[in-house]
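Topology and contacts: notes
Residues per chain, in single letters:
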Amino acid sequence: MARVFNFSAGPSVLPEAVLKQAADEMMDYKGSGMSVMEMSHRSKVYDNIIKEAEQDLRDLMNIPDNYKVLFLQGGASQQFAAIPMNLMKNGVADYIITGQWAKKAYEEAQKYGKANAVASSADKTFSYIPDCSDLPISEDADYVYICHNNTIYGTTYKKLPDTKGKILVADMSSDILSQPVNVSDYGLIFFGVQKNVGPAGVVVVIIREDLIRDDVMEFTPTMLKYKTQADNDSLYNTPPCYGIYICGLVFKWVKEMGGLEAMKVHNEKKAAILYDFLDSSKMFKGTVVKEDRSLMNVPFVTGNEELDAKFVKEATAAGFVNLKGHRTVGGMRASIYNAMPIEGVEKLVQFMKDFEAANA
Ligand SMILES: *Cc1c(COP(=O)(O)O)cnc(C)c1O
């Protein structure tokens, strides 16, 4: 078995212990005589799986009792529509545009109401987080929307925007469980799981109960109505059963690792190894302003496209895969999610040092 160091932005590396456990349980889940893939979502066994997954996530994030946790389908992008359909009472929402995912959410919301872009960092290829201390928040805004960690550009919020009392909605697809979160700062948090938690297809929504309403936009599909999903404990129809099971195993793994405080220490240590090298290198440079650097996604360039391509090619051959940057940024991007071991980052930095010496 040859495992590579996988720096993919998503779907991405999962903890080896989880993959091994899933393999062990593949043919016979805990004496049921069947795989989790084969069992009814209404069975007692599966009920335990989804309930435990929810409880473990609640424990990890300290989710208050007045929040519902929903395990849904359609990925993070489906929520770009579900959020305005469910939360726009006045038909108005304010969006902070810090990258492609925020922009996509903003464009989708325009189909359902008046979405305002109240701040943007598009002027400098999204390489920073705009000052959000005094935004022109709309008086009748139903919510303020952010993408908490910008997967493509490698920026993150170190301080939340002042929403002037409006509800904050956050896409945490690429940094969920990477550090502690104060859930009560938000009305709604959602994350596609394929970056830090599990297999693509599952999206988790953590929503304050008073925001779950019956009087949503009248054309809202039954499936996209949070009330439908909340009233049925995410089992209105067949949920992505196997994906949820893997998420549950990852939640247990994060608990064993010491929870979110410990994950933060682990992630800060890993990120520092890479950023410190980028700051000292004469060849490689980070593309993001220092204050707003992500712990999860680290874009960097040499400033020379041919050299970038040579680096990616040689890195791949050496077992450091998926380092090619997003097409809109170019260069390289190392995604160093929870499951990336420190060893992977240390070895990558050593490889970068050797490459720099050989190509100086
Ligand atoms: C990957 C990603 C998405 C898109 O997720 P899908 O599940 O493919 O829809 C949205 N937002 C962020 C921040 C992401 O990283």
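Above this text is the structure in question.
Scope of this entry: the structure provided in the associated data block.

Basis of the calculations
- Residues numbered from 1 in each chain as written.
- Predicted model: local features only at pLDDT ≥ 70, side-chain atom pairs only at ≥ 80, totals over all residues.
- Heavy atoms only, no water.
- Helix = DSSP H or I, 4+ residues; strand = E, 2+ residues; numbered from the N terminus.
- Rg over C-alpha atoms; globule rule 2.2 N^0.38 Å.
- Buried < 20%, exposed > 50% of the residue type's maximum accessible area, 1.4 Å probe, protein only.
- Contact = heavy atoms within 4.5 Å.
- Areas by Shrake-Rupley, 256 points an atom, 1.4 Å probe, with all protein chains shown as cover.
- Lys, Arg positive; Asp, Glu negative; His and termini not counted.
- Charge placed at Lys NZ, Arg CZ, Asp CG, Glu CD.
- Near = heavy atom within 4 Å.
- Polar contact = N/O pair within 3.5 Å; in protein donor to acceptor, adjacent residues only side chain to side chain.
- Nonpolar A, V, L, I, M, F, W, Y, C, P; charged D, E, K, R; others polar.
- Disulfide = S-S within 2.5 Å.
- Pairing = 2+ DSSP bridges.
- Core = buried A, V, L, I, M, F, W, Y, C linked by side-chain atoms within 4.5 Å.

A count of helical and extended segments in the protein chain gives nine helices and 14 strands. A compact globule built from 360 residues should have a C-alpha radius of gyration of about 21 Å, and the protein chain, at 21 Å, falls within 12% of that. Looking at the protein chain as a whole, 58% of its 360 residues qualify as buried. For the protein chain, contacts bridging at least 24 residues in sequence account for 69% of all contacts bridging at least 6. Summing over all exposed atoms, the protein chain offers an accessible surface of approximately 15500 Å²; the carbon and sulfur share of this is 50%. Averaging the positions of the 39 positive and the 46 negative side-chain charges in the protein chain gives two centres separated by 3 Å.

If you check the shell around the ligand, you find 13 residues, and the closest are Ser77, Thr151, Asp171, Gln194 and Lys195. The contact in question runs from an oxygen atom of the ligand to an N or O atom on the side chain of serine 77, over 2.6 Å. One of the side-chain nitrogen or oxygen atoms of lysine 195 is found 2.5 Å away from an oxygen atom of the ligand. Its free accessible area being 390 Å², the ligand has 87% of it covered by the protein chains. Element by element, the count of residues in the shell around the ligand is highest for helix α3 (residues 75–87), at four residues. Of the residues contributing to the shell around the ligand, the split by class is four nonpolar, seven polar and two charged.

The tally for this structure, following the rule as stated, stands at zero disulfides. Of the cysteine sulfurs around cysteine 132, a residue in no disulfide, the closest is that of cysteine 147, at 13 Å. Its relative accessible area of 8% is what places cysteine 132 among the buried residues. Cysteine cysteine 247 remains unbridged, with the sulfur of cysteine 241 as its closest cysteine sulfur at 12 Å.

Let us now look at the sheet that holds strand β12 (residues 297–301). Here we have three strands laid out as an open sheet, ordered β11-β12-β14, and antiparallel in their pairing. A single partner strand is all that each edge strand has here, and the edge strands are β11 (285–286) and β14 (332–335). Where β11 lies against β12, two bridges are found, and the strand directions are antiparallel. Residue pairing for β12: lysine 285 is matched across the bridge by valine 301.

Tracing the chain through its elements places threonine 220 in the loop between β10 (202–208) and α5 (226–231). With 161 residues separating them in the primary sequence, threonine 220 and aspartate 59 have C-alpha atoms 32 Å apart. Other than its neighbours up to four places away in sequence, threonine 220 contacts Met85, Asn86 and Lys225. Engagement of the side chain of threonine 220 in a polar contact is seen with the backbone oxygen of methionine 217, the distance being 2.6 Å.

Here we take up the nonpolar core. One finds Leu57, Met61, Leu177 and Ile206 to be the most contacted residues of the largest nonpolar core, which totals 55 residues. By residue number, the principal contributor to this core is helix α6 (residues 241–256), which donates ten residues. Excluding residues within four positions of it along the chain, isoleucine 206 makes contact with Leu57, Met61, Ile63, Tyr67, Lys68, Val69, Val183, Gly187, Leu188, Ile189 and Phe191. Of all hydrophobic cores here, the second largest spans 35 residues; its members include Ala82, Phe126, Val169 and Val203.

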